[in-house]
Amino acid sequence: MSLVGVEMNDAIRVSSLKKVFESVRHAGWLRTVKTEIVSVSEVNFSVPAGQSVAFIGPNGAGKSTTIKMLTGILRPTSGSASVLGLVPWEQRSKLAYDVGAVFGQRSQLWYHLPPNDTFELLSRIYNLDRKEYKARRDMLVERFGIGSFIDTPVRKLSLGQRMKAEVAASLLHKPKLLFLDEPTIGLDVNARQQLRDLIRQWNREEGLTVFLTSHDAGDIEHVAERVIVINEGTIVLDDSVKNVRTDFLGTKVLTVDFHEAPHSVPIRGVVELLRDGYKLKLEVDTSVVSIEAVITQVLSWGAVADLTIEDPPLEKVIAHIYSQHKEPAIQGQGSEVAVT
Amino acid sequence: MNNLKKYWAVASISAKSNLAYVGEVGSRLVFLAIILYIFMRLWKVTYEHSGVQQLGGLTLPEMLWYLVLTESIIMSGPRVTQLVDEDVRTGALAVQLVRPLSYPLYRLFSTMGERSVRFVITFGAAASIALVLVGPAPNWHWHSLLFAITLPLAFILDFLGYFLVGLGAFWIEDTSGPMLIYSRLTMILGGMLLPLPLFPEWLQGPLHMLPFASVVYGPARMFVHPNQAECVQLLLNQFIWIAVFAVVVTAVYNIALRRISANGG
Amino acid sequence: MLAKVWNYLGLALTYLRFNFKTHLEYRAAFISQILAMILNDCVWVLFWTQFFERFPVMHGWGATEVITMWAIAAAGIGIADTLCGNAAQLAALIARGDLDAWLLYPRRLLPHIVLGKMNASAFGDTLFGYAIYIAFVHPDLQHFLLFSALTVSVAFLFIGFNILVGSLGFFLGNAQSLAEHLRFALVTFSTYPAGLFDGPIRFLLYTLIPAAFVSYLPIEALKEMSLGVAALSLAGSIALTAVAALVFNYGLKHYESGNLLIMKG
């Protein structure tokens, strides 16, 4: 219903999207109880082409349902959506040529064969031109650094190697939009960072629109520029990562293990969360005091054995969001093209 | 006496855990219903065609009940070879050696427990189908007694055969091949589908002497045609074969044990 | 239209190639599975040959006809499960929600998903079918060609049936057991002469459990060298596959509106 010009710039446009499930339960011998579960309730947002969005929410919030509707697997009860100019549930096959998907918990790579074989199969499934496919594959292999194990059976690969091959596979057919679901789950710190960097690179340099769901705050911070939070079927937050970081992720948790009983001194902006023998857990409000300043002070409290800096868990952040904003969705500057 | 109590405990635990497989009952019912129905039609047509009342010494109802028995015996067989194979490869067998239970005896009693339950379930299902198709087996009171006597030894003999194949795990990569061959031999030469008397004349002698006949054909026939003299003969055959197998299994088992101590399991 | 068919054929070949390669990764297991299937088939063929030695004719059928029936059934099932092994997994895929991953590909779901997997032991069935046909029946070229064509027709019958019963998963949530039982019924009845049955069962064999299109029509076609009867057999396969595709697509619409509550968070 908007101007064609504006529509063309949007990779995803969702309007009043609603999904209601009917659940039939047997109550007693002959009675059946029909309950309606509103999974997604009148959701609106649009994603400009080339944006990197994190779509998060607790389990059962309606995330998967929304994504299923965007990929055309599920039909909505009402409302409309347009992905890359197509209606997903009506033109699913056509859309599939331009959309890629990576699932952290389910692999599309054949387990007993080398990734190269799966690539070959994918080239067939997507009807890729032989020469173009080879060139694209070689480029991806180089960029992702998977040349050393592309001919090794997937079952022999580490999780980090597998995920790199997995993401590369999802990009073989030059999709314009990539869905990622928990891509870094189970990965070690190094592998996680590498994967995030690769995805971010692709988003920045190739203009790939990224739609990410993850429970990992690091994923969101490093890959996405915009965050949409969904809970109980409605969007409760839609803002740039930058703003969310300052507004809600403005704290860091410092855990310090000392060799001896620390002589702590109260610092403004720092709250002591836990004191257990030689261990101290502090919450630092980084808008009040910088983490470096706090660390410098803490180091003077006694001999330090170990020190960890962590973001508050995402659940806490989301809980924080709900407790602070019980009104309908806050629209930040996320809808326009925001660059961090 | 204490040892016997231990083994009995093993058998009853195994039996109880298998009662949980009630879901299997449904599947078996369907499987047996189809097979028994088809075979009833097959034999009906055959009897009519041949214009006789008895084939291989069995009437039509007896023929179907014979099948009920052979199927119950065959289908109740637990995966002895696979279990032994697993135990050997995972080292669980070596671990068992530390316990005050002899491994073969442990396996035997556990198998008996499992098999008893499976047999009762399968027989129950098959018998109810046969009842519907051809009515009750003639003289069925008498059968229960003689047949029941021959069953335990049949099971033990069957166990020994599969256990021996399972011990092959000490020497070969994969025992599933030999196991399959052994089980198919049991089916064919034991008369699962075709009662032995219906085989060619020249095979009769050899077939009755093989252990398979004592496991499948013998007890099944004892159910449909109870005969004291034949019963005694069957028990004797079972005894002899058990003795033979027991000797072989013991010998092979001891050689295998030496392998464990030599290679550390 | 033709170009599309050609394209899917190419895709099928690629899947075949990679499925085969996957099985070759575990060569020993692959071969033992094939051997197991062949052994199983041997038990039945041995039964039938012994049976026919004792009872030469049954309802106008002799050993040749029965062997032919077995050969066509085995080869047909073998081809079906080799090419479209995933058709037999349909109910499981639906129950687990695995359909979603397949829906993300730019391909028509049904032809794509059934190609996804190859059943290893099916190879054994195919080899066996052709082997016993050639060895026991000694066909001339004409008969062999017709035989081959009929095995393909039978293959499509099984593929269609698998899809049809698998699609029940769309309406029942978990139709795995039911699908298995129905498949077992079709396979079993396919290996017994339809002439054994009369009345309602006969009718069943031409409709709900279309085994007559395996166990009767093709054999008559080969006996009389009749292309007419062969065409009838083929018609049955095509009809079943068409119905199956319709039911599947109808079920898929159901699935897409989410009335199957397989939500994952």
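Residues numbered from 1 in each chain as written. Chains lettered and ligands numbered in written order. Predicted model: local features only at pLDDT ≥ 70, side-chain atom pairs only at ≥ 80, totals over all residues. Heavy atoms only, no water.

Engineer: Residues and numbers for the packing of helix α3 (residues 60-75) of chain B against helix α10 (residues 211-224) of chain B, please.
Structural biologist: Residues and elements named next belong to chain B. Interaxial distance between α3 and α10 falls to 9 Å at its minimum, and their mutual angle equals 140°. Compared by their axis directions, α3 and α10 come out oblique. You can see that α3 and α10 cross each other, and the crossing is right-handed. Of the residues in α10, those in contact with E62, W65, Y66, L69, T70, I73 and I74 of α3 are V215, V216, Y217, P219, A220, R221, F223 and V224. A per-class count over the contact of α3 with α10 returns 12 nonpolar, one polar and two charged. (Axes fitted to C-alpha atoms, helices over the stretch in contact; angles between N-to-C directions. Helix = DSSP H or I, 4+ residues; strand = E, 2+ residues; numbered from the N terminus. Parallel < 35°, antiparallel > 145°, perpendicular 65-115°, else oblique. Left-handed = near helix turned anticlockwise from the far one by under 90°. Contact = heavy atoms within 4.5 Å. Nonpolar A, V, L, I, M, F, W, Y, C, P; charged D, E, K, R; others polar.)

Engineer: Got a sec to walk through the interface of chain B and chain C? Specific residues and values, please.
Structural biologist: Listed by partner, the interface residues are 27 residues for chain B and 27 residues for chain C. Note on chain B versus chain C: buried area summed over both sides is about 2,600 Å², and carbon and sulfur give 79% of it. When the buried area of chain B at its contact with chain C is split by residue, I38, L42 and R184 of chain B rank highest and sum to 20% of it. Inspection of the region where chain B meets chain C yields one salt bridge. R41 of chain B serves as the salt-bridge partner of D198 of chain C, at 3.5 Å between the closest nitrogen and oxygen. Our count for the contact surface shared by chain B and chain C stands at three residue pairs in polar contact (both at pLDDT 80 or more). Of all elements in the fold, only α2 (22-50) and α8 (176-189) of chain B reach the threshold of two or more residues within the side of chain B that touches chain C. (Buried area = accessible area lost by both parts, 1.4 Å probe. Salt bridge = Lys/Arg side-chain N within 4 Å of Asp/Glu carboxyl O. Polar contact = N/O pair within 3.5 Å; in protein donor to acceptor, adjacent residues only side chain to side chain.)

Engineer: Please give an account of helix α2 (residues 63-71) of chain A that cites residues and values.
Structural biologist: Residues and elements named next belong to chain A. Burial runs high along α2: eight of the nine residues are buried. If you check which residues of α2 are buried, you get K63, T65, T66, I67, K68, M69, L70 and T71. G72 sits one or two residues past α2 and shows a positive phi near 90°. (Buried < 20%, exposed > 50% of the residue type's maximum accessible area, 1.4 Å probe, protein only.)

Engineer: Tell me what's going on with a nonpolar patch on the surface, and back it up with residues and numbers.
Structural biologist: All names here are of chain B. There is a patch of nonpolar side chains on the surface, built from L236, F239, I240, V244, V247 and V248 and spanning about 550 Å² of accessible area. Take L236: it is sitting in helix α11 (residues 228-263). When its relative accessible area of 48% is taken as the criterion, L236 is described as partly exposed. (Patch = residues over 30% accessible without salt bridge, like charges linked within 9 Å, V, L, I, M, F, W, Y side chains within 5 Å. Areas by Shrake-Rupley, 256 points an atom, 1.4 Å probe, with all protein chains shown as cover.)

Engineer: For the packing of aromatic side chains, give the residues involved together with the corresponding values.
Structural biologist: Scanning the entire structure with this criterion turns up 55 aromatic pairs over all chains. Among the aromatic side chains, those forming a connected cluster through ring pairs are F39, W43 and Y47 of chain B together with W44, F47, W48, F51, F52, F55 and Y192 of chain C. Directly above the ring of F21 of chain A sits K19 of chain A, whose terminal nitrogen or CZ lies 5.4 Å from the centroid. Positioned above the aromatic ring of Y8 of chain C, the side-chain terminus of R107 of chain C is 4.8 Å from the ring centre. (Phe/Tyr/Trp six-rings, centres within 6.5 Å; stacked < 30°, edge-to-face > 60°. Lys NZ or Arg CZ within 6 Å of the ring centre and 35° of its normal.)

Engineer: Please give an account of the interface of chain A and chain C that cites residues and values.
Structural biologist: Each partner contributes residues to the interface: chain A has 37 residues there, and chain C has 34 residues. Roughly 3,200 Å² of surface becomes buried between chain A and chain C when both sides are summed, with 57% attributable to carbon and sulfur atoms. By the criterion of area lost to chain C, the three top residues of chain A are I73, R106 and I125 of chain A, representing 19% of everything that side buries. Between chain A and chain C we count five salt bridges in total. At the junction of chain A with chain C, the criterion picks out 14 residue pairs in polar contact (both at pLDDT 80 or more). At the level of secondary structure, the elements contributing two or more residues to the side of chain A that touches chain C comprise β1 (10-26), α2, α3 (92-96), β5 (99-103) and α4 (115-125) of chain A. At six residues, α4 of chain A tops the list of elements feeding residues into the side of chain A that touches chain C. Looking at side-chain class alone, the side of chain A that touches chain C contains 15 nonpolar, 11 polar and 11 charged residues.

Engineer: Let's hear about helix α3 (residues 63-83) of chain C: which residues, and what values?
Structural biologist: Between its first and last C-alpha, α3 of chain C extends 30 Å over 21 residues, near the 30 Å set by a 1.5 Å rise per residue. Among the 21 residues in α3 of chain C, 17 count as buried, and that is most of the element. (Expected span 1.5 Å × (residues − 1).)

Engineer: Could you give an account of the sheet that holds strand β13 (residues 304-310) of chain A, naming the residues involved and the relevant values?
Structural biologist: All names here are of chain A. Strand order in the open sheet formed by four strands is β11-β12-β10-β13, with antiparallel pairing between adjacent strands. Each of the sheet's edge strands pairs with one partner strand only, and the pair in question is β11 (270-276) and β13. Each strand axis lies, on average, 15° off the axis of its neighbour in the sheet, ignoring direction. Examined bridge by bridge, strand β10 (residues 251-258) and β13 share six bridges and lie antiparallel to one another. Along β13, the bridge assignment pairs D257 with D306. (Pairing = 2+ DSSP bridges.)

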